[in-house]
Amino acid sequence: MTRSHSPRTQPDDLILGAHMSIAGGVDLAPLRGRQVGCRTIQIFTKSSNQWRARPLPSDEIDRFHAHLQAAAIAPAVAHSAYLINLASADPALHQRSMAACQEELERAEMLGIPFLVLHPGAHMGTGEEAGLQRVAQSLRELLKRTDGCRVRAVLETTAGQGTTLGYRFEQITQLLDQIGLPERTGVCLDTCHLFAAGYDIRTPDAYHAALDLFDHIVGLSSLKVIHLNDSKGPLGCRVDRHEHIGEGTIGLEAFRCLVTDPRLRGIPMIIETPKDGDVVETDRRNLRVLQGLAQSQRAPRARTVRQH
Ligand SMILES: [Zn+2]
Ligand SMILES: [Zn+2]
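The rules behind these values
Residues numbered from 1 in each chain as written. Chains lettered and ligands numbered in written order. Predicted model: local features only at pLDDT ≥ 70, side-chain atom pairs only at ≥ 80, totals over all residues. Heavy atoms only, no water. 1 Å grid on protein atoms, 1.4 Å probe; cavity = no way out; pocket = protein on both sides within 12 Å on 5 of 7 lines; lining within 4 Å. Points joined across faces, edges and corners; volume = space filled by probe spheres on them. Helix = DSSP H or I, 4+ residues; strand = E, 2+ residues; numbered from the N terminus. Donors = N, O, S within 2.8 Å, 3.2 Å for Na, K, Ca; no water. Buried < 20%, exposed > 50% of the residue type's maximum accessible area, 1.4 Å probe, protein only. Phe/Tyr/Trp six-rings, centres within 6.5 Å; stacked < 30°, edge-to-face > 60°. Lys NZ or Arg CZ within 6 Å of the ring centre and 35° of its normal.

Draft legend 1. Seen up close, empty space enclosed by the protein. Tallying each qualifying case throughout the model produces 1 cavity of 30 Å³ or more. Each pocket or cavity is described by its volume, and for the largest cavity that value is around 80 Å³. Residue lining of the largest cavity: Phe 169, Leu 189, Thr 191, Leu 194, Ile 201, Tyr 207, Ala 210, Leu 211, Phe 214, Ile 226 and Leu 258, and that is the complete set. Of all elements in the fold, only helix H6 (191-196) and helix H7 (204-217) reach the threshold of two or more residues within the lining of the largest cavity. The element that contributes the greatest number of residues to the lining of the largest cavity is H7, accounting for 4 residues.

Pasting the structure below:
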């Protein structure tokens, strides 16, 4: 009897990719993405740990678009610089963060990138509620300043390290509500952050409970980007350290659930796993693991019949 081995038959709407370096120009990122088999890529549109950015030359933008198209990569996702803290109560730092975040929105728009992922910020001891208020007001202001742009500010759930905000679904919802511009906002779920923040996703039941909770509190329609990362730290550790897929404390089953969940089809899923050793080979390996999981049978859900 012959069993047909149809190789690499990924569903069309499973959009896997990786964060790619922009060393040498943003236009090189799609080429790097193609090299490792990305259908989506995430990039910084400028150096991630510097305030200043050189302007984007129009020929570089044109090449970026041409390379995306040639590599059949869509969508591209932007991630904002880590220095930005819209929750800061320090007027100078807040002012700088506003200017930098506006620039990030404008750069993403110029590049035709629909999503700018950003971390809500850290309250630095001034209290969570005050911090959340500042983030919401700041983003509302920035989205109004960039009125007419299509790029969305996509709030990433965090691990809750230090005084960072956005580690509870309720905080994300509060921000979205207070910003009040649903056509310009969205949410990015990061599996490592989710797990480090205390949301267990290791078994199918735990995964479905967590996703249902997200849907109930935030709403799946707001979910625009997913970061697939395993975690070095244990459940609830509130430490943000990424690990290769299946090699951390989350394990493969959660990722199988994610890549086979019909509710998440069409949402770009991006790895930000460690870039150690041969960067190309490492990204390829992590993506291959995910592609393999996508083709595997979904683990059966435990029966809901309670046994005593
Ligand atoms: Zn992330
Ligand atoms: Zn992280």
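Next comes the rest of the write-up.
Draft legend 2. Structural view of the coordination of the zinc ion (ligand 2). Summarising the metal site, the zinc ion (ligand 2) is bound by the protein donors His 193 (NE2), Asp 240 (OD), Asp 240 (OD) and His 242 (NE2), whose distances to it range over 2.0 to 2.6 Å. Sequence spacing among the residues donating to the zinc ion (ligand 2) works out to H-x46-D-x1-H. Between the zinc ion (ligand 2) and the zinc ion (ligand 1) the interatomic distance comes to 4.5 Å. You can see His 193 sitting in helix H6 and its partner His 242 sitting in strand E9 (residues 242-243), a full 49 residues away along the chain. Comparing His 193 with His 242, the two get one shared label, buried.

Draft legend 3. Examining the packing of aromatic side chains more closely. Inspection of the entire model under this criterion finds 3 aromatic pairs. Between Phe 169 and Phe 214, the aromatic rings sit 5.2 Å apart at their centres with planes inclined by 85°, giving edge-to-face as the arrangement. One end of the pair, Phe 169, is in helix H5 (residues 169-179); the other, Phe 214, is in helix H7, and 45 residues separate them in sequence. Of the residues examined, Phe 214 reaches a relative accessible area of 1% and is grouped as buried. Three or more aromatic residues joined by ring pairs form one cluster here, namely Phe 169, Tyr 199 and Phe 214. The aromatic ring of Tyr 167 is capped on one face by Arg 238, whose charged end is 4.1 Å from the ring centroid.

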